[in-house]
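# Analysis of the macromolecular model
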Amino acid sequence: MNLPQILATQIRLHKDKRALSVSFNDGFTVQLSAELLRVEAPSADVQGHGAGQKKIISGKEDVKITNIEAVGNYAVRLQFDDGHQTGIYSWVLLHDYGMRKDDLYAEYLRQLNLSI
């Protein structure tokens, strides 16, 4: 079975650099905050190296995206003003984050409150 491939058709960094708008080939458009993208970064220093190793990153309420770099035809690498730049955000991942952004953010806040 061949599922349709998810592709970004437009990516726009907001003027204040605190949000990214992404449109996809399936008609879905989402605005993702820089904070959410930073704390959910698909990198080992955030996600860890295995199940249950995800780190809760605090203090990113005011983080900004400073650069967007294309990675082939399938992803972007985001650079943040705190120096983080190792995560590669595939179109599928950004689409998934967009579909689940409210739940992801709520869980992040819950985990953040548990770690205080």
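Quick note: structure is the one above.
In this report, we go over the structure that sits alongside the text. (Residues numbered from 1 in each chain as written. Predicted model: local features only at pLDDT ≥ 70, side-chain atom pairs only at ≥ 80, totals over all residues. Heavy atoms only, no water.)

Turning our attention to the sheet that holds strand β6 (residues 88-90). Pairing in this open sheet of 3 strands is antiparallel, and the strands run β4-β5-β6 from one edge to the other. Strands at the two margins of the open sheet, each flanked by one partner only, are β4 (65-71) and β6. Adjacent strand axes in the sheet meet at a mean angle of 30°, parallel and antiparallel pairs treated alike. Bridge analysis of β4 against strand β5 (residues 75-80) gives 6 bridges, and the strand direction is antiparallel. Among the inter-strand pairings, N67 is bridged to a residue of β5, identified as Q79. (Pairing = 2+ DSSP bridges. Helix = DSSP H or I, 4+ residues; strand = E, 2+ residues; numbered from the N terminus. Axes fitted to C-alpha atoms, helices over the stretch in contact; angles between N-to-C directions.)

Not every positive phi belongs to a glycine, and K17 is a case in point at roughly 65°. Tracing the backbone shows K17 in the loop between β1 (8-13) and β2 (19-24). On the basis of relative accessibility, which here comes to 35%, the residue K17 falls in the partly exposed class. (Buried < 20%, exposed > 50% of the residue type's maximum accessible area, 1.4 Å probe, protein only.)

What follows covers the pattern of salt bridges. One pass over the full model with this rule turns up 6 salt bridges. Notably, a salt bridge pairs R18 with D62, separated by 3.3 Å at the nearest N-O pair. Of this pair, R18 sits in the loop between β1 and β2 while D62 is found in the loop between α2 (44-47) and β4, placing the two residues 44 residues apart along the sequence. Taking relative accessible area as the criterion, D62 reaches 54% and is therefore assigned exposed. Linking E107 and R110 is a salt bridge whose minimum nitrogen-to-oxygen distance equals 2.9 Å. Here R110 and E107 lie together in helix α3 (residues 91-115), a separation of 3 residues that amounts to about one turn. Each member of the salt-bridge network shares a partner with another, and the members are R38, K60 and D82. (Salt bridge = Lys/Arg side-chain N within 4 Å of Asp/Glu carboxyl O.)

So, on to the sheet that holds β1. Through backbone hydrogen bonds, the strands of a sheet pair up, either in parallel or in antiparallel fashion. The antiparallel open sheet is built from 3 strands, whose spatial order is β1-β2-β3. Two strands bound the open sheet, and with one partner strand each, they are β1 and β3 (29-33). For this sheet, the mean angle separating the axes of adjacent strands, direction not counted, is 20°. Note: β2 against β3, 5 bridges, orientation antiparallel. By the bridge assignment, L20 is partnered in β3 with L32.

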